[in-house]
Amino acid sequence: MVGVTIAPWPAAGNSSTCEHCGAHVSDRFCRVFGDDRDRAHRCGECDSYRRLSRGSAAGKDVVIPDPETLPGRHGGEADV
């Protein structure tokens, strides 16, 4: 008989909220898109996937315009 221990992936260090808007983000999102401390500086609620995948969630400056300063950048119409 073989004994197997399953250890869950460790939770993100500090919290599971976006540092920019405070929205909930999963530990996995923090590990994949966050900085080297598994913190998300931006998330899908306050930024576009195009920017997130290029480093905005890790706190890096991205050349793609920020949807908060240029409305309509999520692919839809600007909120009026």
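Rules used in this analysis
- Residues numbered from 1 in each chain as written.
- Predicted model: local features only at pLDDT ≥ 70, side-chain atom pairs only at ≥ 80, totals over all residues.
- Heavy atoms only, no water.
- Helix = DSSP H or I, 4+ residues; strand = E, 2+ residues; numbered from the N terminus.
- Buried < 20%, exposed > 50% of the residue type's maximum accessible area, 1.4 Å probe, protein only.
- Phe/Tyr/Trp six-rings, centres within 6.5 Å; stacked < 30°, edge-to-face > 60°.
- Core = buried A, V, L, I, M, F, W, Y, C linked by side-chain atoms within 4.5 Å.
- Contact = heavy atoms within 4.5 Å.

Chemist: Got a sec to walk through unusual backbone geometry? Specific residues and values, please.
Modeler: The phi angle at Asp38 is positive, at roughly 60°, despite the residue not being glycine. Along the chain, Asp38 turns up in the loop between helix 1 (27-33) and helix 2 (49-52). By relative accessible area, which is 24% here, Asp38 ends up partly exposed.

Chemist: Any details on the packing of aromatic side chains? Residues and values, ideally.
Modeler: Following the criterion strictly, the structure yields 2 aromatic pairs and no others. Measuring from centroid to centroid gives 4.9 Å for Phe29 and Phe33, while their planes differ by 35°, and the two rings are tilted. Taken as a pair, Phe29 and Phe33 lie in helix 1 at a separation of 4 residues, close to a single helical turn. Note on Phe29: relative accessible area 17%, which makes it buried. Summarising the aromatic geometry, the rings of Phe33 and Tyr49 are spaced 6.1 Å apart at their centres and angled 85° between planes, so their arrangement reads as edge-to-face. One end of the pair, Phe33, is in helix 1; the other, Tyr49, is in helix 2, with 16 residues separating them in the sequence. What makes Tyr49 exposed here is its relative accessible area of 59%. In textbook terms, an aromatic cluster arises when at least three aromatic residues are bridged by ring pairs, as seen for Phe29, Phe33 and Tyr49.

Chemist: I'd like a rundown of the nonpolar core, residues and numbers included.
Modeler: Counting residues in each nonpolar core, the largest one holds 10 residues, listed as Cys18, Ala23, Val25, Phe29, Cys30, Ala40, Cys43, Cys46, Leu52 and Ala57. Not counting the four nearest positions on each side in its chain, Ala23 is found in contact with Ser16, Thr17, Cys18, Cys43 and Glu45.

Chemist: Could you give an account of the environment of Gly34, naming the residues involved and the relevant values?
Modeler: As for its position among the elements, Gly34 is in the loop between helix 1 and helix 2. The exposure class of Gly34 is buried, given its relative accessible area of 14%. On a C-alpha basis, the gap between Gly34 and Ala58 in space is 4.3 Å, while along the polypeptide they are 24 residues apart.

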